[in-house]
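Secondary and tertiary structure notes
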Amino acid sequence: MRARLAIKCSGIHVQLREIVLRNKPAQMLAISPKGTVPVMQLADASVIDESWNIVHWATQQQDPNNIRGNIQRVKEANRLIAKNDKEFKTHLDHYKYADRFPEFPAEHYRSQAETFLAELEQRLAQHSFLIDHKPSLADIGIFPFIRQFAHVDIEWFRQTKYVNLHRWFDYYLSSDLFTSIMDKYAPWTEGQERVVF
Ligand SMILES: N[C@@H](CCC(=O)N[C@@H](CS)C(=O)NCC(=O)O)C(=O)O
């Protein structure tokens, strides 16, 4: 999702091949054996198969909304994403799939994840977005994970004290940017007509 958000933000167009995870095409595994999505293959046949690297690639091509900003802003976004992907994502997966981790109740993993929510809330109490008053790479890089987290138990999420996080979350949930990436596409098959995203 963060790759799609970045591609839309950049205004560039790419050929999209929708896949079903339980039926990964051989062509995808041939260029990225690790078998995770998203995978981007460039015109020179080089491959980018990490979502955050696709976010950087797209916004380095074009950045009409200047979501990158200066190098300090990019570095701060990278730091926040490292925390999201390494720490928060682990707690999120344990909370979301708590039945696979029965050594602790879901609430335990949820409270571990709250450390990151509290940091985001603190940031969003000082400015409209995660780094400052303008959308940044960190906002589109982290929103998809907060959405996953919120939807594990949306009633619980909505009654939490993170009022600025709620405001930021609703901003993106109701944004044209988010709506524009949520269209459903038929799974790709060889010979299928090109789908431009
Ligand atoms: N670190 C990778 C993780 C990507 C990832 O795990 N994607 C999931 C879908 S959201 C996936 O492809 N899982 C493989 C599977 O379920 O077979 C990235 O950020 O691109």
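Description of the structure in this document. As the structure is a computational prediction, the values presented were derived from the model and not from experiment.

**Considering the site of the ligand**
In the region of the ligand, the neighbouring residues are L21, K24, G35, T36, V37, P38, E50 and S51. Separating a nitrogen atom of the ligand from a side-chain N or O atom of E50 is a distance of 2.7 Å. Taking S51, its side chain carries an N or O atom lying 2.6 Å from an oxygen atom of the ligand. Contact with the protein chains covers 55% of the free accessible surface of the ligand, which is 510 Å².

**Thoughts on the nonpolar core**
Within the largest apolar cluster, 52 residues are counted, with the highest numbers of intra-cluster contacts made by F88, I142, I146, F149 and W168. Listed by contribution, the elements that provide at least two residues to this core are helix 1 (2–10), helix 3 (51–61), helix 4 (71–96), helix 5 (106–126), helix 6 (137–152), helix 7 (154–158), helix 8 (163–173) and helix 9 (176–181). Sorting elements by how many residues they give to this core places helix 6 first, with 9 residues. Among the domains, domain 1 (2–65) and domain 2 (71–178) are the pair contributing at least three residues each to this core. Each residue touching F88, except ones within four places of it in the same chain, is listed here: K83, A113, F116, L117, F145, I146 and F149.

**Remarks on the pattern of salt bridges**
One pass over the full model with this rule turns up 9 salt bridges. A salt bridge links E50 to K34, with the shortest nitrogen-to-oxygen separation between them at 3.0 Å. With E50 in the loop between strand 2 (47–48) and helix 3 and K34 in the loop between helix 2 (26–31) and strand 1 (40–41), this pair connects stretches of sequence that are 16 residues apart. Residue classification places E50 among the partly exposed residues on the basis of a relative accessible area of 41%. Its salt-bridge partner being R158, residue D170 comes within 2.7 Å of it at the nearest N-O pair. Here D170 is found in helix 8, whereas its partner R158 is found in helix 7, with 12 residues between them in sequence. Salt bridges here are not isolated pairs; linked through shared partners, they connect E76, K83, E119 and R123.

Reading the values: rules and limits
Residues numbered from 1 in each chain as written. Predicted model: local features only at pLDDT ≥ 70, side-chain atom pairs only at ≥ 80, totals over all residues. Heavy atoms only, no water. Near = heavy atom within 4 Å. Polar contact = N/O pair within 3.5 Å; in protein donor to acceptor, adjacent residues only side chain to side chain. Areas by Shrake-Rupley, 256 points an atom, 1.4 Å probe, with all protein chains shown as cover. Core = buried A, V, L, I, M, F, W, Y, C linked by side-chain atoms within 4.5 Å. Buried < 20%, exposed > 50% of the residue type's maximum accessible area, 1.4 Å probe, protein only. Helix = DSSP H or I, 4+ residues; strand = E, 2+ residues; numbered from the N terminus. Domains from an automatic or database assignment. Contact = heavy atoms within 4.5 Å. Salt bridge = Lys/Arg side-chain N within 4 Å of Asp/Glu carboxyl O.

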